[in-house]
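Letter by letter, the chains look like this.
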Amino acid sequence: MSFMTLAASRRTVACAFALLALGGCAGTAPQYYSLADAAAVTAPAATSGAAAFYIDLAPVAMPERFARPQLVVRQKGANEGPAVDILEQHRWSSSFESELRDALASGVAMRLGAVDATRSGRPAGQPGVRIAVQLRQFDAIEGSRVDAAFSWTLRPGNDQPTRACQLTLSEPAAAPGIDALARSAQRVTSRLADAVARSIGTPPGLTSGACPA
């Protein structure tokens, strides 16, 4: 066998292995997760004849490293270090900032019996509040917990003053693995929705709400 024939044969074998590897990767479907279910609760019954109250949640501000569909986690024991893993095979059902915004908006609206105008906008002259949330920390530590910190502002559509609140949360992972970590993130979202709703007040109105202690 000539040198050129041997080289060509080796290239063919290498290409075959590469195709097999690609085929193996393509055959592994990503696992998708949602934050919405844990934030959803039964809405309070609306008062007969009461005017609709609208909430409008601005896009959630967050560090760029989280603004992706892949879950971003730290290995247990590495939470003090800078290294994180971006999990291609474990993803939110949309980019994380959109997933968090949708889950939080629907959760707050349900808790208040309000109308979620996050996508459509609040009609002119209708009572409501504009909510702006910032994610300041979100450490998902595999096999351990999710630590998160948020701040938010409430801007009513009347002459009431703007309110600013903040909250730090930690939710343990009930079991090893990414599924348990995703459920911890869901519980963080649910607790955040509770806190934002309480800061607005029930019935909706900033005069009856308060920031978390």
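The shown structure was predicted, so the numbers you read here are calculated from the model rather than taken from an experiment.

Enquirer: Would you mind going over the pattern of salt bridges with me for this structure?
Expert: Pairing between side chains of opposite charge can happen when the charged atoms of each approach one another. Summed over all chains, the structure comprises eight salt bridges. One salt bridge in this structure joins aspartate 147 and arginine 145, with 2.8 Å as the shortest N-O distance. Taking the relative accessible area as the measure of exposure, aspartate 147 reaches 14% and is therefore buried. Each of Glu171, Arg187 and Arg191 takes part in salt bridges that share partners, so that together they form one network.

Enquirer: Help me understand the pairing of strand β7 (residues 145-156) in this model?
Expert: Residues in a regular strand project their side chains so that they alternate between the two faces of the sheet. Across the 12 residues of β7, nine count as buried, placing the element largely inside the fold. Across 12 bridges, strand β6 (residues 128-141) lies against β7 in antiparallel orientation. Among the inter-strand pairings, isoleucine 131 is bridged to a residue of β7, identified as leucine 154. Counting the residues in the hairpin turn of β6 and β7 gives three residues, including glycine 143, whose phi is positive at 75°.

Enquirer: Looking at this structure, I do not really get empty space enclosed by the protein. What am I missing?
Expert: To find leftover empty space, one rolls a probe the size of a water molecule over the atoms. Per the stated rule, a full pass over the model turns up two cavities of 30 Å³ or more. By volume, the largest cavity amounts to about 110 Å³. What lines the largest cavity is a set of 13 residues, and nearest its centre among them are Leu71, Val72, Trp92, Phe138 and Ala140. When residues of the lining of the largest cavity are traced back to their parent elements, those giving at least two are β3 (70-73), β6 and α4 (178-200).

What counts, and at which threshold
Residue positions are counted from 1 within each chain, in the order its sequence is given. Given that this is a predicted model, residues contribute local features only at a pLDDT of at least 70 and side-chain atom pairs are listed and counted only at 80 or more, while totals for whole chains, interfaces and linings are drawn from all residues. The basis for the side-chain values is all heavy atoms of the structure; hydrogens and waters are excluded. Salt bridges are identified by distance alone: a Lys or Arg side-chain nitrogen within 4 Å of an Asp or Glu carboxyl oxygen. Relative accessibility under 20% of the residue-type maximum defines a buried residue, over 50% an exposed one, and the middle range a partly exposed one, all with a 1.4 Å probe and only protein chains included. Think of it this way: any DSSP run of H or I at least four residues long counts as a helix, any run of E at least two long counts as a strand, and we number them from the N terminus. Think of it this way: DSSP has to see at least two bridges between two strands before they count as a pair. Of the grid points, spaced at 1 Å and generated over the protein atoms alone, those admitting a 1.4 Å probe that cannot get out make up cavities, while open sets with protein on both sides within 12 Å along at least five of seven lines make up pockets; any residue with an atom within 4 Å of a point is treated as lining. Grid points are joined across faces, edges and corners, and a volume is the space filled by probe spheres set on the points.

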